[in-house]
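Here is how the chains run, residue by residue.
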Amino acid sequence: MTELSNLILDRIRDVPDYPKPGVLFKDITPLLADPVAFAAVTDELAGMYEVDKIVGIEARGFILAAPAALRAGAGFVPVRKKGKLPSETLEESYDLEYGSAVIEVHRDAFVPGERVLIVDDVLATGGTARAAVELVRRAGADVVALAVLMELAFLKGRERLTDVEVRSLVVV
Ligand SMILES: O=P(O)(O)OC[C@H]1O[C@H](OP(=O)(O)OP(=O)(O)O)[C@H](O)[C@@H]1O
Ligand SMILES: Nc1ncnc2[nH]cnc12
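The sections below set out a description of the structure shown in this document. Treat the numbers as computed from the prediction; the structure is a model and nothing was measured. (Residues numbered from 1 in each chain as written. Chains lettered and ligands numbered in written order. Predicted model: local features only at pLDDT ≥ 70, side-chain atom pairs only at ≥ 80, totals over all residues. Heavy atoms only, no water.)

1. Focus: helix H5 (residues 127–138)
Along an α-helix, residues three or four positions apart point the same way, because every turn accommodates 3.6 residues.
Part 1 of the reasoning: With 12 residues, H5 extends 17 Å between its outermost C-alpha atoms, agreeing within 8% with the 16 Å of an ideal straight helix rising 1.5 Å per residue.
Part 2 of the reasoning: Counting buried positions along H5 yields nine of 12 residues, so the element is predominantly enclosed.
Part 3 of the reasoning: Every buried residue of H5 is accounted for by Gly-127, Thr-128, Ala-129, Arg-130, Ala-131, Ala-132, Val-133, Leu-135 and Val-136.
Part 4 of the reasoning: In this structure, the buried side of H5 is in contact with strand S3 (53–57), strand S4 (75–81), strand S5 (89–96), strand S6 (99–106), strand S7 (115–123) and strand S8 (142–151). (Helix = DSSP H or I, 4+ residues; strand = E, 2+ residues; numbered from the N terminus. Expected span 1.5 Å × (residues − 1). Buried < 20%, exposed > 50% of the residue type's maximum accessible area, 1.4 Å probe, protein only. Contact = heavy atoms within 4.5 Å.)

Structure representation (structure tokens):
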């Protein structure tokens, strides 16, 4: 176990039965409130790959992806829940651990072939990440990897992402 993974595990709070009975919610707000932990995580994400753009998935993905993009000297691209992006979009529907949703990206968010890292906080069932990978590819970019702060291995999200490099800072 590395120092960074110990720090992350120490700063993520388990909240039982949120947002639904039976879900153990991984709350990253204690980590975000600690400037040392927050900087360590965003530095780690920023240093993983040479990319043109870092994509963040609304909403918690934004919090990690935007500072990582700045630190990496990459552009930031938001993947948003349906209805929030103002220009022409591509969309994907998906199921996640506790519901279902539709996400979108601007059609012109990438120059064709741009190298992209997708960032989110939690990989659970992989529904969200799968949809984000599809969207970014449909928009013409090259998905170099998906990086998450925490992977919930028992939900087997990785099995839906066998065609993508997946990096998790911690696996539980
Ligand atoms: O692997 P999955 O089962 O798809 O779940 C993972 C997703 O669920 C959470 O997002 P949520 O939709 O709750 O949005 P939020 O970031 O706005 O809280 C989390 O931030 C991931 O995006
Ligand atoms: N258990 C969980 N905790 C936090 N975010 C999640 N997204 C999907 N499942 C989650």
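2. Describing the sheet that holds strand S9 (residues 166–171)
Part 1 of the reasoning: Pairing is mixed in the open sheet, where seven strands are placed in the order S5-S6-S4-S3-S7-S8-S9. Edge strands, defined here as strands with exactly one partner in the open sheet, are S5 and S9. Across the sheet, the axes of successive neighbouring strands diverge by a mean angle of 25°, strand direction being ignored.
Part 2 of the reasoning: In terms of strand pairing, S4 meets S6 through two bridges, oriented antiparallel. Of the residues in S6, the one forming a bridge with Arg-80 is Glu-104.
Part 3 of the reasoning: Contacts between helix H1 (residues 3–11) and the sheet are confined to S8 and S9, with S9 contributing the most and set at about 65° to the helix.
Part 4 of the reasoning: The sheet contacts of helix H4 (residues 60–72) involve S3, S4, S7 and S8, and relative to S3 the element is tilted by about 165°. (Pairing = 2+ DSSP bridges. Axes fitted to C-alpha atoms, helices over the stretch in contact; angles between N-to-C directions.)

3. Some words on the site of ligand 1
Part 1 of the reasoning: Neighbouring ligand 1 are 16 residues, the closest being Tyr-98, Asp-120, Asp-121, Thr-125 and Thr-128.
Part 2 of the reasoning: Here Asp-120 contributes a side-chain N or O atom positioned 2.5 Å from an oxygen atom of ligand 1.
Part 3 of the reasoning: The separation between an oxygen atom of ligand 1 and a polar side-chain atom of Thr-128 is 2.6 Å.
Part 4 of the reasoning: Coverage of ligand 1 by the protein chains reaches 87% of its 500 Å² of free accessible surface.
Part 5 of the reasoning: Counting only elements with at least two residues in the shell around ligand 1, the list comes to S7 and H5.
Part 6 of the reasoning: Residue contributions to the shell around ligand 1 peak at four residues, all from S7.
Part 7 of the reasoning: Residues belonging to the shell around ligand 1 are distributed by class as follows: six nonpolar, four polar and six charged. (Near = heavy atom within 4 Å. Polar contact = N/O pair within 3.5 Å; in protein donor to acceptor, adjacent residues only side chain to side chain. Areas by Shrake-Rupley, 256 points an atom, 1.4 Å probe, with all protein chains shown as cover. Nonpolar A, V, L, I, M, F, W, Y, C, P; charged D, E, K, R; others polar.)

So yeah, pure geometry; function would need other evidence.
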